[in-house]
Amino acid sequence: MATAVQTVERENYLNSNYGIKSWLLTTDHKRIAMLYLVSITAMFWIGGFFAMMIRLELLTPQGDLVSSDTYNKLFSMHGIIMVFFFLIPSVPAVIGNFVIPLMVGAKDLAFPRVNLLSWYIYMLGAITALTAMVTGGVDTGWTFYTPFSTTYSNTHVIGAAIGIFITGFSSILTGLNFIVTIHRMRAPGLTWRRLPLFCWSNYAAALIMVLGTPVIAITLLLVALERAFNIGVFNPQLGGDPLLFQHLFWFYSHPAVYIMILPGMGVISEIVTCFSRKRVFGYEFVALASIAIAVLGFVVWAHHMFVAGISVYSALVFSLLSYFVAIPSAVKVFNWTATMYKGSIRYETPMLYAFGFIGLFTIGGLTGIFLASLGLDVHVHDTYFVVAHFHYVMVGGMVMAYMAGLHFWWPKISGRMYPEAWAKLSALLVFVGFNTTFFPQFIMGYMGAPRRYHAYPPEFQVLNVLSTAGASILAVGYVLPMIYFLWSLRYGELAPPNPWNAVGLEWMTPSPPPTHNFDETPVVTWEAYDYESQPQEEVTVGH
Amino acid sequence: MATSDLQIAEHNLQHHFADMEQQQETSTFGMWMFLLTEIMFFGGLFTAYLVYRSSYYTAFVEGSQKMNIWLGATNTAVLICSSLTMALGVRAAQTGKPKLMVVLLLITILFGLGFLGIKAVEYHEHWTNHEFPGPNFHFETGDPAHPPTDPQHTEIYFSLYWAMTGLHALHMVIGVGLVSWIIIMGLRRAYSPSYYSPVEIVGLYWHFVDLVWIYLFPLLYLISKKHG
């Protein structure tokens, strides 16, 4: 039962206005974050449904549950939905949207109406893509490689491509809003060197959104035009160059994996420092590592094309540059570890997810180095090794970070505490389920099992059954939080303004925050993550 | 004037900004970021152009010779003039001359529509000559002594020509719409020296679209004239 029941409910962003219109026409960043939360959760379950269908098909070596054509559609739509409609908007558009203005002490993002527009654009793109999927699906893989996508595929490639094209603009507008907000809307005293690392990493991701997304937009537009009008930009029969498509596609889509992971790293930085009660070790290095990852991310794309027929010399250069990404990534992992060293660690749910992230991201990152080396990549290219690597970074890394962030900021978002015991259980289920699903795929891939086939040789069955069993556990681990988050909205304990005793401006305003975030503009006079000098003291707003 | 400069400023200050200066800097900065995304957007097409031009140079030269240089050059001049009137219009808004601003922006729109009209004439010419990529594409150099070296590769030239100029024309149409909106707001005396950032950022957009054409014109129309 709630201990401190307030007799008069204070006005906050949730109760300041009621009715569907007050949500659909809102320009409040906190409400828009909630719109995004609902939408991407729906997309997550759709993408998850496709994943479960894939795993069920792979229970047996024969292709017996679905035909190979259907299987091709299932993994394509799983990839398209999860990458473009869940992972890319996940942490930035939900958590970033909610907490970045709070963290910088602003009343809102720089362009509130543009923020709302970005959600509508996202919905339009999502509906377009879903329509293409419902009316027949798409079977090109999420990568849309030409000339298959432009000439030979008989599925709804144009609809899916246009859906992604449209959604790209929502991502561009979110990134633009973040960059401008972080530059121009910081509270007095909040210098760049005092900026929370979550802002730094979202800033880095926003740079990629702004610079990379337009390139995928124009590329997919060309694919659609080529299919519609039979022009020959990428079609080798007409003198076009399929490799050019791959270059343009990966010029965005490689940096895009850093759009997905960087905001997650920001979440982990916030949580590790808070639950270790210590300042982030090497704050400047962690901050600049985000920027370094964003910059390096733009010059490594051709490591996806080592076996596609690019020149050996350019492959050598891209391989070397890809190794460099390991440096800033390792800086982050080592610095998180050093932050925990001799800290007084509390094992609450966000921290459990953060532990999961650090371990699994490290495995995902290290196997990325395997894939960046020229010789080894020839062996494991297009095998389950790639699938396992990608999911270790994206699910083991990013989804873990997203869950960590949701739990960490849920008291701020909803004004209620989630049930800690259930949350710990689900964190455990996610960790066990995830590893059971994807670790066998490393082994399978190394043994040579190719990805994207609906049937496989019987000797891989044990590993596949393990994988499917793990996926079922993982599914339970994801269903539980949805249930108890919804439950907590009504029955959860009322959250104090700062349940974790964390530092940061977002914890100095009530939970949930008032519509204008702060009653008076905060003035920052302290360093970021100053946990040691004021361990228990409540920092007050204003002068 | 019906409303004072200060009243206009107060009326337009959005709740989440501390003052007009912060609001204006923010919106201008946002527009520059947006233009950065536009550069990357066109950048994909320019990359494709560079790759294919270096691979299929002769076929590109032959395609380029079908361009009407005089219409293209006229359009270039038209756009440069429109940028001048746009810049003067922004200046008029900044110095508190709303009538002058409206007149200058009307001239800008006329230039913009003139550009689109001339472009339409060119498109029509290419369309009737079957110089549109797709099943009906047909290409002749016009000189029986020099048949086309590789019509398929010239088709790629035309694919890029239509995609690049088409996307540019779409940006022009949007620009004309934006300037019309500024004119309507200008007639309602919505701007003043302390609040004219909408005029300024639409101006930035307009200059950017002009600048794209400044690159498109030589790349598409002026590939070497010595060949063919």
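What you see is a predicted model; the values in this text were computed from it and never measured. (Residues numbered from 1 in each chain as written. Chains lettered and ligands numbered in written order. Predicted model: local features only at pLDDT ≥ 70, side-chain atom pairs only at ≥ 80, totals over all residues.)

S.K.: Describe the overall build of chain A, listing the residues and the values that go with them.
M.R.: Looking only at helices and strands, chain A features 15 helices and zero strands. Each principal axis of the C-alpha atoms in chain A carries an extent, and together these give about 70 × 45 × 45 Å. Counting across all 543 residues of chain A, residues that qualify as buried make up 57%. For chain A, restricting intrachain contacts to residue pairs at least 6 apart in sequence, the fraction spanning at least 24 positions comes to 85%. (Helix = DSSP H or I, 4+ residues; strand = E, 2+ residues; numbered from the N terminus. Buried ≥ 20, exposed ≤ 12 C-beta atoms within 10 Å, placed from the backbone. Contact = placed C-beta atoms within 7 Å.)

S.K.: Break down the overall build of chain B for me, citing the residues and quoting the values.
M.R.: Scanning chain B for helices and strands turns up seven helices and zero strands. Along chain B, from the amino end to the carboxyl end, the secondary structure elements read α-α-α-α-α-α-α. By its C-alpha atoms, chain B is 70 × 30 × 30 Å across when sized along the principal axes. Taken across its 228 residues, chain B has 36% of its residues classed as buried.

S.K.: Would you mind going over the packing of helix α2 (residues 29–57) of chain A against helix α3 (residues 68–103) of chain A in detail, with residue names and values included?
M.R.: All names here are of chain A. Put simply, α2 and α3 touch, their axes get as near as 8 Å, and they point 155 degrees apart. As judged from the angle between their axes, α2 and α3 are roughly antiparallel. The element α2 and its partner α3 pack so that their crossing is left-handed. (Axes fitted to C-alpha atoms, helices over the stretch in contact; angles between N-to-C directions. Parallel < 35°, antiparallel > 145°, perpendicular 65-115°, else oblique. Left-handed = near helix turned anticlockwise from the far one by under 90°.)

S.K.: Tell me about unusual backbone geometry, residues and numbers included.
M.R.: Residue and element names in this part refer to chain A. Cis peptide bonds are those with omega within 30 degrees of zero, and the linkage from T146 to P147 qualifies with 0 degrees. Positionally, P147 belongs in the loop between α4 (112–134) and α5 (148–152). Between S511 and P512 the backbone carries a cis peptide bond, its omega angle lying at -15 degrees. Residue position: P512 is located in the segment after α15 (461–491). Positive phi is not limited to glycine here, since D382 has a value of about 60 degrees. With respect to the element layout, D382 can be found in the loop between α12 (374–380) and α13 (384–414).

S.K.: So what's going on with the interface of chain B and chain A? Which residues, and what values?
M.R.: Tallying the contact residues gives 29 residues for chain B and 32 residues for chain A. For the side of chain B that touches chain A, the elements supplying multiple residues, two or more each, are α2 (20–55) and α6 (151–187) of chain B. Ranked by residues supplied to the side of chain B that touches chain A, first place goes to α2(B) with 17 residues. Tallied by class, residues from the side of chain B that touches chain A come to 14 nonpolar, 13 polar and two charged. (Nonpolar A, V, L, I, M, F, W, Y, C, P; charged D, E, K, R; others polar.)

S.K.: Give me the lowdown on the environment of D139(A), citing residues and values where you can.
M.R.: All names here are of chain A. For D139, the position within the fold is in the loop between α4 and α5. Taking the number of C-beta atoms within 10 Å as the measure of exposure, D139 has 23 and is therefore buried. Along the primary structure D139 and S153 are separated by 14 residues, whereas in three dimensions their C-alpha atoms are 7.2 Å apart. If sequence neighbours within four positions are ignored, D139 has contacts with D69, N72, K73, S76, S153 and T155.

S.K.: Explain α13(A) to me, and be specific about the residues and the numbers.
M.R.: Residue and element names in this part refer to chain A. The sharpest bend along α13 comes to roughly 45 degrees, located at F408, with the proline P411 sitting one to four residues further on. Counting buried positions along α13 yields 31 of 31 residues, so the element is predominantly enclosed. A positive backbone phi angle near 80 degrees is found at G415, which sits one or two residues after α13. (Bend = angle between axes of the 7 residues up to and from the residue.)

S.K.: How would you summarise the confidence of the model for chain B if you had to cite specific residues and measurements?
M.R.: On average, residues of chain B carry a pLDDT of 92, and 97% of them reach 70 or more. What the predictor reports for the complex is a pTM of 0.93 with an ipTM of 0.91. (pLDDT = per-residue confidence, 0-100.)

S.K.: Tell me about the environment of P481(A), and please be specific about residues and values.
M.R.: Residue and element names in this part refer to chain A. Along the chain, the position of P481 falls in helix α15. It is 9.7 Å that separates the C-alpha atoms of P481 and L406, two residues lying 75 residues apart in sequence. Setting aside its immediate chain neighbours within four residues, P481 contacts M403, A423 and S426.

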